[in-house]
Amino acid sequence: MTYPGMDELRTALTGWLPQRGWFAANGREMRDVRIRRATELVDRRPAGGPLALLLVLEASFTDGGAQHYQVLLGLRRTVSPELRRAVFAEVGGHAVYDALADAELVAVLLSTMDSGRDVDDLEFRSVGGIPELSEVHVRPISGEQSNSSVVIDERMVLKVFRRLQPGVNPDVELHRALERARNPHVPRFLGAVHGRLDGPPTSLLTLQEFVPGTTSGWDAALRSLAGHLAGESTADVAESARALGEAVAAVHRDLAEVFGTSSLDPASITCELKSAVELAVDSAPVLAPHAAALQELVDSLAVGHDRPLAQRVHGDLHLGQVLRSERGWVVLDFEGEPDRPLSARVRHASPWRDVAGMLRSYDYAADHTTASADDPGTTAVRRARAWAETAKRAFLAGYESTSGRRADRAVLDAFVLGKALYEVAYDARHRPSWTTIPLSGVLRLLEARHVR
Ligand SMILES: Nc1ncnc2c1ncn2[C@@H]1O[C@H](COP(=O)(O)OP(=O)(O)O)[C@@H](O)[C@H]1O
Ligand SMILES: O=P(O)(O)O[C@H]1O[C@H](CO)[C@@H](O[C@H]2O[C@H](CO)[C@@H](O)[C@H](O)[C@H]2O)[C@H](O)[C@H]1O
């Protein structure tokens with residue numbers, strides 16, 4: 001390797017890593033950071049030109065566990081004032097920064113993908129060729145994402161998977177399959193990069209079409225809610241939620257066709273719910289007085305003897321994962337719930353899990369909008385609840401009509417409760433001030449049980 005100061009670099013990364021928004025070990029005490037692999041990506045650089053390094057870091061924790069993270073670095077002797085903002089260390093006479101900030105290095109990644117070359121054991125591949133660009137312009141996609149994405153020339157999105165688990169990421173696997181099926185509800189899939197981590201090919205980067213002029217389902221929901229609280233009708237959300245239900249059903253149809261279907265052991269749903277109760281109660285002690293009632297609720301939801309249908313699903317469907325565009329709804333990010341192990345995320349699951357994710361998301365949006373209202377009897381809260389009920393009904397109707405499947409109420413209720421419990425644990429870990437939002441959802445489900 002021609003870059004200097006690996007030890008110095010490791011030290012700099014040890015301080016930098018835990019401050020990243022995508023670092024998924026908040027609250028755990030880090031023991032050490034090791035560089036597990038380092039690949040130089042620019043092979044014929046002019047003297048003094050930039051270097052790009054793809055690193056896999058292993059963060060180990062005092063509790064004995066470890067996690068792997070991908071870091072793409074740029075190194076330059078001199079940096080432009082713009083790039084200077086991204087610099088977080090000076091090592092061996094080089095400024096070190098996140099390579100995604102450097103358009104020249106992003107262009108190198110694209111051309112390597114386009115060439116279909118291997119660099120060491122990294123496989124750079126594209127599907128159908130990458131659009132030619134005269135000048136690469138890169139802007140980051142901001143937000144609280146688990147990975148890092150940049151928009152390239154308003155035409156493509158390059159995503160760097162941050163936390164790595166050995167294996168092909170379902171975001172790549174499912175997106176590629178939906179592309180082959182010509183599904184209209186996903187952005188065009190343009191390519192991916194895989195490397196080896198403890199054996200199997202492991203997804204590192206993915207490239208897709210940038211869908212222009214979109215509004216996220218979450219932003220659209222908040223806007224619609226604001227309008228409804230100000231007195232507008234719920235006709236807009238009914239129409240758009242129905243179309244979203246139809247789109248999700250079309251995605252499920254193609255996934256079932258490509259990956260096949262199987263059936264679920266109904267006991268596994270109950271078992272998963274019981275663990276979700278425990279995890280939620282551990283994460284949010286305010287739930288402790290309700291633990292017994294929640295376990296009772298789980299038992300009462302005990303799903304019948306039929307073996308529910310299972311197939312590959314999105315796995316973490318919510319309003320933040322869908323975009324409203326000129327060509328209708330587009331579904332993103334097939335990675336599944338980021339905190340679950342990859343082995344669990346690639347298993348067949350009930351399609352009603354995705355449906356439940358979206359039903360919860362309409363409730364989540366309504367509760368978010370009225371989070372500061374203490375009294376559930378206020379007009380705002382009542383209107384927000386009515387909005388959520390309209391949206392959920394329309395979404396379910398759209399899903400059922402396109403899929404030709406009818407919801408089994410017990411199965412659906414079980415997944416809705418499971419998702420709300422998951423959200424309590426997720427928010428407690430990642431954004432504690434939001435935990436009250438899913439908590440009110442869980443408490444409402446408990447209350448509904450009592451009045452039935
Ligand atoms: N192909 C795309 N076209 C337009 N916007 C996109 C596209 N892909 C991602 N985005 C935007 O980036 C955000 C994050 O993308 P996502 O795939 O959900 O990342 P993460 O895995 O980090 O959660 C999305 O919510 C959306 O606003
Ligand atoms: O988008 P990610 O894959 O990172 O999903 C995780 O984070 C989401 C929050 O960003 C979280 O979603 C929850 O909050 C959303 C509003 O911010 C809401 O639309 C969802 O319904 C709610 O579940 C998601 O659960 C988590 O896995």
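Definitions and cut-offs
Residues numbered from 1 in each chain as written. Chains lettered and ligands numbered in written order. Predicted model: local features only at pLDDT ≥ 70, side-chain atom pairs only at ≥ 80, totals over all residues. Heavy atoms only, no water. UniProt positions renumbered as here; feature names shortened; annotations may be inferred. Helix = DSSP H or I, 4+ residues; strand = E, 2+ residues; numbered from the N terminus. Contact = heavy atoms within 4.5 Å. Pairing = 2+ DSSP bridges. Core = buried A, V, L, I, M, F, W, Y, C linked by side-chain atoms within 4.5 Å. Buried < 20%, exposed > 50% of the residue type's maximum accessible area, 1.4 Å probe, protein only. Domains from an automatic or database assignment. Near = heavy atom within 4 Å. Polar contact = N/O pair within 3.5 Å; in protein donor to acceptor, adjacent residues only side chain to side chain. Areas by Shrake-Rupley, 256 points an atom, 1.4 Å probe, with all protein chains shown as cover. Nonpolar A, V, L, I, M, F, W, Y, C, P; charged D, E, K, R; others polar. Axes fitted to C-alpha atoms, helices over the stretch in contact; angles between N-to-C directions.

Per an unreviewed UniProt entry, the protein chain goes by Maltokinase and derives from Saccharopolyspora rosea. UniProt's Catalytic activity (unreviewed entry) comment on the protein chain is quoted here verbatim: "D-maltose + ATP = alpha-maltose 1-phosphate + ADP + H(+)". Turning to the protein chain, the UniProt record has this under Pathway (unreviewed entry): "Glycan biosynthesis; glycogen biosynthesis."

1. Concerning the side chain of D427
Tracing the sequence through the fold places D427 in helix α12 (residues 409-430). Excluding residues that lie within four positions of it along the chain, D427 makes contacts with Y364, P432, W434, T435 and P438.

2. A word on the pairing of strand β4 (residues 87-91)
Bridge count between β4 and strand β5 (residues 94-98): four bridges; the pairing is antiparallel. When the bridges of β5 are listed, V91 appears paired with H94. Between β4 and β5, which follow one another and run antiparallel, lie two residues, and G92 among them has a positive phi close to 55°.

3. Some details on the nonpolar core
Grouped together as the largest cluster of nonpolar side chains are 64 residues, with contacts concentrated most on L244, Y362, W387, F395 and L421. When residues of this core are assigned to domains, at least three fall in each of domain 1 (6-209) and domain 2 (215-448). Look past the residues within four positions of Y362 in its chain and what remains in contact with it is V237, A241, L244, L319, W387, A388, A391, K392 and F395.

4. What about unusual backbone geometry?
We note that R182 has phi near 55°; this positive angle belongs to a residue other than glycine. Turning to its location among the elements, R182 is positioned in the loop between α4 (170-180) and β12 (189-196). R182 gets classed as exposed once you look at its relative accessible area, which sits at 56%.

5. Here's the deal with the site of ligand 1
As a matter of local geometry, ligand 1 sits amid 17 residues, with Q145, K159, Q208, E209 and V211 nearest to it. Note that an oxygen atom of ligand 1 is positioned 2.9 Å from one of the side-chain N or O atoms of N147. In the environment of ligand 1, an oxygen atom lies 3.4 Å from a nitrogen or oxygen atom belonging to the side chain of Q321. Summarising the interface, the protein chains cover 88% of the accessible area of ligand 1, which totals 560 Å² for the free molecule. Looking at the shell around ligand 1, the elements with two or more residues in it are β10 (156-160) and β13 (201-209). The residue makeup of the shell around ligand 1, split by class, is seven nonpolar, six polar and four charged.

6. Some points on the side chain of E400
Topologically, E400 is positioned in helix α11 (residues 379-403). Setting aside its immediate chain neighbours within four residues, E400 contacts W352, R405, R406 and A407.

7. A look at the sheet that holds β12
Whenever strands of a sheet pair, they do so through backbone hydrogen bonds, lying parallel or antiparallel. In space, the seven strands of this open sheet follow the order β6-β7-β12-β13-β10-β9-β8, with antiparallel pairing throughout. The sheet terminates laterally at β6 (118-119) and β8 (138-140), the two strands that pair on one side only. Direction of pairing for β8 relative to strand β9 (residues 148-152): antiparallel, over a ladder of three bridges. Bridge assignment links P140 to a residue of β9, and that residue is V150. Contacting β10, β12 and β13, α4 crosses the sheet at an angle of about 145° to β12.

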